[in-house]
Amino acid sequence: MAIPKSLRLEFVTPERAIAHEDVDEVELPGEQGFFAVLPGHAPLLAALKTGPIWYRKGNDKHFAFISGGFTEVTADRVSVLAQVAERAEDIDIARAEASKRRAEERLSKPTLADFDAERARIAMLRALTRLQVARHSRTRG
Ligand code: ATP
């Protein structure tokens, strides 16, 4: 079978559509690590963790934040069903900074009766990743 020229990216969350477009490459944060998909990729199903995702059309690279979900890859399609995701340009930096401060505050007081280290660690990871995605996209286009 001939290798397809592009990939159809269908990227949604339960709340919104993030992208429906033809792209040349996608990089995803898999539970087992980051992986890139080019046209003609072998079929796979993978769980996604919290991390940055990007997709490229020519030299035009788009970044987004993703937290949990699944992807299904075929030779000419990448479907991303994310639990939570935002395009880089839609990330509210002030909100992510506030979330980071709250997590820092909680992690600095591990003696509090209701302290949940794992929850605070995950909140911190989400906030730091959102800031990284938003800034990366804003500085490098
Ligand atoms: P927060 O503590 O600010 O609520 P969170 O990590 O707990 O952050 P999530 O549960 O991941 O938030 O997301 C809840 C909803 O809010 C989702 O629709 C998500 O897309 C949106 N959201 C969360 N943080 C941001 C942000 N900084 N910018 C834009 N949308 C955000």
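Here is what the cut-offs are and how they apply
Residues numbered from 1 in each chain as written. Predicted model: local features only at pLDDT ≥ 70, side-chain atom pairs only at ≥ 80, totals over all residues. Heavy atoms only, no water. Near = heavy atom within 4 Å. Polar contact = N/O pair within 3.5 Å; in protein donor to acceptor, adjacent residues only side chain to side chain. Areas by Shrake-Rupley, 256 points an atom, 1.4 Å probe, with all protein chains shown as cover. Helix = DSSP H or I, 4+ residues; strand = E, 2+ residues; numbered from the N terminus. Nonpolar A, V, L, I, M, F, W, Y, C, P; charged D, E, K, R; others polar. Domains from an automatic or database assignment. Salt bridge = Lys/Arg side-chain N within 4 Å of Asp/Glu carboxyl O. Buried < 20%, exposed > 50% of the residue type's maximum accessible area, 1.4 Å probe, protein only. Patch = residues over 30% accessible without salt bridge, like charges linked within 9 Å, V, L, I, M, F, W, Y side chains within 5 Å. Lys, Arg positive; Asp, Glu negative; His and termini not counted. Charge placed at Lys NZ, Arg CZ, Asp CG, Glu CD. Pairing = 2+ DSSP bridges. Buried area = accessible area lost by both parts, 1.4 Å probe.

1. Description of the site of the ligand
- Taken together, 14 residues are adjacent to the ligand, and E15, E86, D92, R102 and R126 come closest.
- Between the ligand and D92, the relevant distance is 2.8 Å, taken from a nitrogen atom to a main-chain nitrogen or oxygen of the residue.
- Contacts to the ligand include R102, whose side-chain N or O atom sits 2.7 Å from an oxygen atom.
- Protein chains shield 75% of the accessible area of the ligand, which is 590 Å² for the free molecule.
- With four residues, helix α1 (residues 93-107) is the largest single contributor of residues to the shell around the ligand.
- Considered class by class, the residues forming the shell around the ligand number four nonpolar, one polar and nine charged.
- Residues from two domains meet in the shell around the ligand; each of domain 1 (7-88) and domain 2 (92-139) gives at least three.

2. Quick look at the pattern of salt bridges
- Tallying each qualifying case throughout the model produces eleven salt bridges.
- The partner of D90 in a salt bridge is R87, with the nearest N and O atoms 3.1 Å apart.
- Judged by relative accessible area, D90 falls into the partly exposed class, the value being 45%.
- Relative accessible area serves as the criterion here: at 25%, R87 is assigned to the partly exposed category.
- For R135, the salt bridge identified is with E97, shortest N-O distance 2.7 Å.

3. Some remarks on a positive patch on the surface
- Residues R95, R101, R102, R106 and R119 make up a contiguous surface patch of positive charge.
- For the positive patch, the element with the most residues is α1, which contributes four residues.

4. A closer look at the pairing of strand β1 (residues 7-12)
- Bridge count for β1 against strand β2 (residues 17-23) is six bridges, and the pairing is antiparallel. Within β2, the position partnered with L9 by the bridge is E21.

5. Structural notes on the domain arrangement of the chain
- For the chain, the assigned domains read domain 1 (7-88) and domain 2 (92-139).
- Computed from C-alpha coordinates alone, the two centres of domain 1 and domain 2 are separated by 24 Å.
- Ranking the residues of domain 1 by area buried against domain 2 places F63, F65 and A88 at the top, with a combined share of 58%.
- On the surface where domain 1 and domain 2 come into contact, there are one salt bridge.
- For E86, the salt bridge is made with R130, and the minimal N-O distance between the two is 2.8 Å.
- Our count for the domain 1 to domain 2 interface comes out at one residue pair in polar contact (both at pLDDT 80 or more).
- Mapped onto the side of domain 1 that touches domain 2, the elements with two or more residues apiece are β6 (51-57), β7 (60-74) and β8 (77-87).

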